[in-house]
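# Report on the structure
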Amino acid sequence: MAATTTTLHPQFRPPVRAPRRLRQSPSSSCSSFARARTCAPVQASAASASAPAQREATTAGVPWGCEIESLESAASLERWLVDSGLPEQRLAIQRVDVGERGLVALKNIRKGEKLLFVPPSLVITADSEWSRPEVGDVMKRNSVPDWPLIATYLISEASLGDSSRWSSYIAALPRQPYSLLYWTRAELDTYLVASPIRERAIQRITDVIGTYNDLRDRIFSKHSDLFPKEVYNMETFLWSFGILFSRLVRLPSMDGRVALVPWADMLNHSPEVETFLDYDKSSKGIVFTTDRSYQPDVFISYGKKSNGELLLSYGFVPKEGTNPNDSVELLVSLDKSDNCYKEKLQALKRNGLSESESFPLRVTGWPVELMAYAFLVVSPPDMSQHFEEMAVAASNKSSSKPGFGYPELEEQGGKGSPQVSMNAKQANRTLLLKQLARDLCISERRILYRTQYILRRRLRDMRGGELKALSLFNGLRKLFK
């Protein structure tokens, strides 16, 4: 250990008078909580069920990285990338309209052009070479999945400072990602009280804490010489997972491998853009093909995500009305007191559905799968011969009308909340995040109000003003035809 600690980041290097003792860095109290992780094979330690409530806000931050608007660190990153094999670029890092960094075009870019060409040698994946191979060997012997493996890799490389080949990249990463991982339970309850994203944020925090606790108990504590707690702690894992949630991409042409792509991760998102990053076999680099002309700001798509999903992972919400994928989840469930509960549940299970399902409601309408599921829920016993047909329609397995998505809504929405000023954004990112959370709740409430409006209008037009499952189902069948 004595031979390797000299290469650690300065904050983690041992003091002169105590060469065997690493200096403590502030640690978060949230490591006392974990719950079983649901999205990866790593198992979480069992503990209290109120992690976000017990976790205090993390303000100290990690000793590496930079402020998000730092152009100096971005320029250093560009110089290192060019020296390491990045081809000549038609893009440059500049401060963009949102007050942060982004890639802009140096000259007009036409539709259909390929840009970036980041070579695989400058991409971080689960197969990347560790600067400390003995650390990577332990992680791989324990079959750690890609996400926590890359998160640990990032911490390991960051702790080595200039000794890591990735030091310029890590220095250009934000010191504190714009992540809901840093929010306390009180903040989530206050600012996301009406949004389904609140539960997802709590679950995400729980998953990250559970993953760290499991790695600590199964691996770090048994190899404390390789994984000192001053380096591998809750604070550094919140940072690394915040980086992964906001920057990790999946590359379809590399068998779906997840990767951090320096330079490319400076591209900002636009909900109007459909192009994405992928590996190009002809040029042997990570590229994206433009789907429109650009000058000057250049954008890619982070995926067809709702405003809530964008806030959850990336810490921003598009301007109201600009995201065609904005939605709010609606949970629909069978009634266990229904006389046909068992028959309906069996029909759902045969088609891969459960007794409770969530469906997206959008400003422009709702999916026919939601309507089919809802019809099944309210159908009386004398419609039992149609239960299977409804379940098939709810699972999107119906062969008729496969391209039908959302019926048109005629109702016009009201005004949204005012946009946060640029000064507020530059002065305090935390205040902005809270304002964005409030804007998110207003947007989701607007979607629910519009849905409620159109449903009431349709029910009013029905004969007798009553909800008759047979009439509704006949209307649904016409949609499928």
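Structural data are supplied above this passage.
Note that the structure is a prediction, hence the values are computed from the model and not measured.

Criteria and cut-off values
- Every chain is numbered independently, its residues counted from 1 as its sequence is written.
- Local features in this predicted model are restricted to residues of pLDDT 70 or higher, and side-chain atom pairs are both shown and tallied only at a pLDDT of 80 or more, whereas totals for entire chains, interfaces and linings draw on every residue.
- To get the side-chain values, take all heavy atoms of the structure and skip hydrogens and water.
- In DSSP terms, a helix is any run of H or I states spanning at least four residues, a strand is any run of E spanning at least two, and both are numbered starting from the N terminus.
- For this analysis, residues touch if any pair of their heavy atoms sits within 4.5 Å.
- Throughout, the Shrake-Rupley method with a 1.4 Å probe supplies accessible areas, and for residues the shown protein chains are the sole cover considered.
- Throughout this description, buried means an accessible area under 20% of the type-specific maximum (1.4 Å probe, protein chains only), exposed means over 50%, and partly exposed covers the range between.
- Any pair of Phe, Tyr and Trp rings, taking the six-membered ring for Trp, is counted once the centres come within 6.5 Å. Such a pair is stacked with planes under 30 degrees apart, edge-to-face with planes over 60 apart, and tilted for the rest.
- The rule is short: NZ of Lys or CZ of Arg within 6 Å of the ring centre and within 35 degrees of the ring normal puts a charge over the ring.
- Angles run from 0 to 180 degrees between N-to-C directions of axes, and those axes are lines fitted to C-alpha atoms, restricted for helices to the stretch in contact.
- Orientation categories follow fixed angle ranges, with anything under 35 degrees roughly parallel, anything over 145 roughly antiparallel, 65 to 115 roughly perpendicular, and all other angles oblique.
- Here a crossing is called left-handed whenever its near helix is offset anticlockwise from the far helix by less than a right angle, and right-handed whenever the offset is clockwise.
- Side-chain classes are defined by residue name, with Ala, Val, Leu, Ile, Met, Phe, Trp, Tyr, Cys and Pro counting as nonpolar, Asp, Glu, Lys and Arg as charged, and the others, Gly among them, as polar.
- Paired strands, as defined in this entry, are two strands with at least two bridges between them according to DSSP.

## Focus on the overall build of the chain
Looking only at helices and strands, one finds 16 helices and eleven strands in the chain. Residue pairs at least 24 apart in sequence account for 73% of intrachain contacts in the chain once pairs closer than 6 positions are excluded. A total accessible area of about 23,400 Å² is found for the chain, and carbon and sulfur atoms account for 49% of it.

## Focus: the side chain of Ser 395
By the secondary structure assignment, Ser 395 is in the loop between α13 (387-394) and α14 (422-427). The exposure class assigned to Ser 395 is buried, which follows from its relative accessible area of 17%.

## Concerning helix α12 (residues 368-378)
A large share of α12 lies buried, amounting to nine of its eleven residues. Taken together, the buried positions of α12 are occupied by Val 368, Glu 369, Leu 370, Met 371, Ala 372, Tyr 373, Phe 375, Leu 376 and Val 377.

## Quick word on the packing of aromatic side chains
Overall, the coordinates contain 16 aromatic pairs when judged by the stated rule. Through a chain of ring-to-ring contacts, the aromatic side chains of Trp 147, Tyr 212, Phe 220, Phe 227, Tyr 232, Phe 237, Phe 241 and Phe 245 assemble into a single cluster. Geometry around Trp 166 places Arg 165 over its ring, the cationic atom sitting 4.4 Å from the centre.

## Regarding the packing of α12 against α13
With their axes 7 Å apart at the nearest point, α12 and α13 run at an angle of 150 degrees to one another. Between α12 and α13, the angle is such that the two are roughly antiparallel. Along this stretch, α12 crosses α13, giving a crossing that reads as left-handed. For the pair α12 and α13, contact is made by Glu 369, Ala 372, Tyr 373, Phe 375 and Leu 376 and by Phe 387, Met 390, Ala 391, Ala 393 and Ala 394, respectively. Of the residues assigned to the contact of α12 with α13, the class counts are nine nonpolar, no polar and one charged.

## As for unusual backbone geometry
Phi angles above zero are rare outside glycine, and Leu 116 is one such case at about 90 degrees. Checked against the element boundaries, Leu 116 lands in strand β3 (residues 114-118). Phi at Lys 284 takes a positive value of approximately 55 degrees, unusual for a residue other than glycine. Within the element layout of this structure, Lys 284 appears in the loop between β7 (278-280) and β8 (285-289).

## Thoughts on the sheet that holds β3
Spatially, the three strands line up as an open sheet ordered β3-β8-β7, and their pairing is antiparallel. Edge positions in the open sheet fall to β3 and β7, since each of these has one partner strand only. On average, each strand axis in the sheet is tilted by 45 degrees relative to the strand beside it, whichever way the strands run. Two strands pair when backbone bridges link them, and β3 and β8 are joined in this way by four bridges, in the antiparallel orientation. Residue pairing across strands places Lys 114 opposite Thr 289, the latter belonging to β8.

It is worth stressing that arrangement in space is one thing and function is another; only the former is reported here.
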